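Residues per chain, in single letters:
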Amino acid sequence: MKAKAKSYHEIANSPKFKALMSRKKRFLLPVSLFFFAYYFTLPLLTSYSTVLNRPAFGPVSWAWIFAFSQFIMTWVLCIVYSRKSAQYDKMIESIRENGM
């Protein structure tokens with residue numbers, strides 16, 4: 001005989017699910033804020049100051065270095081999130097297998 005499937009409401013109110021959501025929020029909120037702050041710094045600095053107009057080396061200015069660093073930052077955040085999501089997946093499997 002199959003066990004009765006649990007409703008979303010039962011799962012969402014379980015301590016394990018709440019712990020999962022809490023961990024995700026503690027990770028995603030600061031990372032998202034960092035991403036948006038870093039992303040919007042370039043247009044703000046280039047629009048309202050000249051600090052990034054100075055040459056870094058040769059004809060390449062700091063604005064180009066900062067812009068390139070945004071690609072690196074995006075890849076790093078993607079890699080970090082991918083690794084972190086593996087931990088979340090394990091927590092989800094635990095919730096599925098062991099119940100709440």
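Quantities reported herein were computed from a predicted structural model and do not represent experimental measurements. (Residues numbered from 1 in each chain as written. Predicted model: local features only at pLDDT ≥ 70, side-chain atom pairs only at ≥ 80, totals over all residues. Heavy atoms only, no water.)

Colleague: Would you take a moment to explain the packing of aromatic side chains for this structure?
Modeller: What describes a pair of aromatic rings is the distance from one ring centre to the other and the angle between the planes of the rings. Under the definition given, this model contains 8 aromatic pairs. Ring geometry for F36 versus F40: centroids 6.4 Å apart, planes at 15 degrees, classification stacked. Residue F36 and its partner F40 are located together in helix 2 (residues 15-48), separated by 4 residues, close to a single helical turn. (Phe/Tyr/Trp six-rings, centres within 6.5 Å; stacked < 30°, edge-to-face > 60°. Helix = DSSP H or I, 4+ residues; strand = E, 2+ residues; numbered from the N terminus.)

Colleague: Would you mind showing me how to read a nonpolar patch on the surface here?
Modeller: Together, F68, F71, I72, W75, V76 and V80 line one region of the surface with nonpolar side chains, adding up to about 670 Å² of accessible area. With respect to the helices and strands, the residue F68 is situated in helix 3 (residues 62-98). (Patch = residues over 30% accessible without salt bridge, like charges linked within 9 Å, V, L, I, M, F, W, Y side chains within 5 Å. Areas by Shrake-Rupley, 256 points an atom, 1.4 Å probe, with all protein chains shown as cover. Salt bridge = Lys/Arg side-chain N within 4 Å of Asp/Glu carboxyl O.)

Colleague: Any chance you could explain the environment of Q70 here in plain terms?
Modeller: With respect to the helices, strands and loops of the structure, Q70 is situated in helix 3. If sequence neighbours within four positions are ignored, Q70 has contacts with Y38, Y39 and L42. At 3.1 Å, the side chain of Q70 and the backbone oxygen of Y38 are in polar contact. (Contact = heavy atoms within 4.5 Å. Polar contact = N/O pair within 3.5 Å; in protein donor to acceptor, adjacent residues only side chain to side chain.)

Colleague: Got a minute to help me understand the pattern of salt bridges in this structure?
Modeller: Taken as a whole and assessed by the stated rule, the structure comprises 1 salt bridge. Between R96 and E93 there is a salt bridge, with its nearest N and O atoms 2.9 Å apart. A residue pair is termed a helical-turn pair when its members lie 3 or 4 positions apart in one helix, as R96 and E93 do in helix 3 at 3 residues. Residue classification places E93 among the partly exposed residues on the basis of a relative accessible area of 35%. (Buried < 20%, exposed > 50% of the residue type's maximum accessible area, 1.4 Å probe, protein only.)

Colleague: Help me out: how do you make sense of the confidence of the model for the protein in this one?
Modeller: Within the protein, residue pLDDT values average 90, and 93% of them lie at 70 or more. Per-element confidence in the protein ranges from a low mean pLDDT of 83 for helix 1 (residues 8-12) to a high of 94 for helix 2. (pLDDT = per-residue confidence, 0-100.)

Colleague: Help me out: how do you make sense of helix 2 in this one?
Modeller: The α-helix advances 3.6 residues per turn, and as a result positions three or four apart in sequence lie on the same side. With 34 residues, helix 2 ought to run about 50 Å at 1.5 Å a step, and its terminal C-alpha atoms sit 48 Å apart, in line with that. The principal kink in helix 2, of about 30 degrees, is found at T41, preceding the proline P43 by one to four residues. For helix 2, the full list of buried residues reads F17, L20, F27 and L42. The inward-facing, buried residues of helix 2 abut helix 1 and helix 3. (Expected span 1.5 Å × (residues − 1). Bend = angle between axes of the 7 residues up to and from the residue.)

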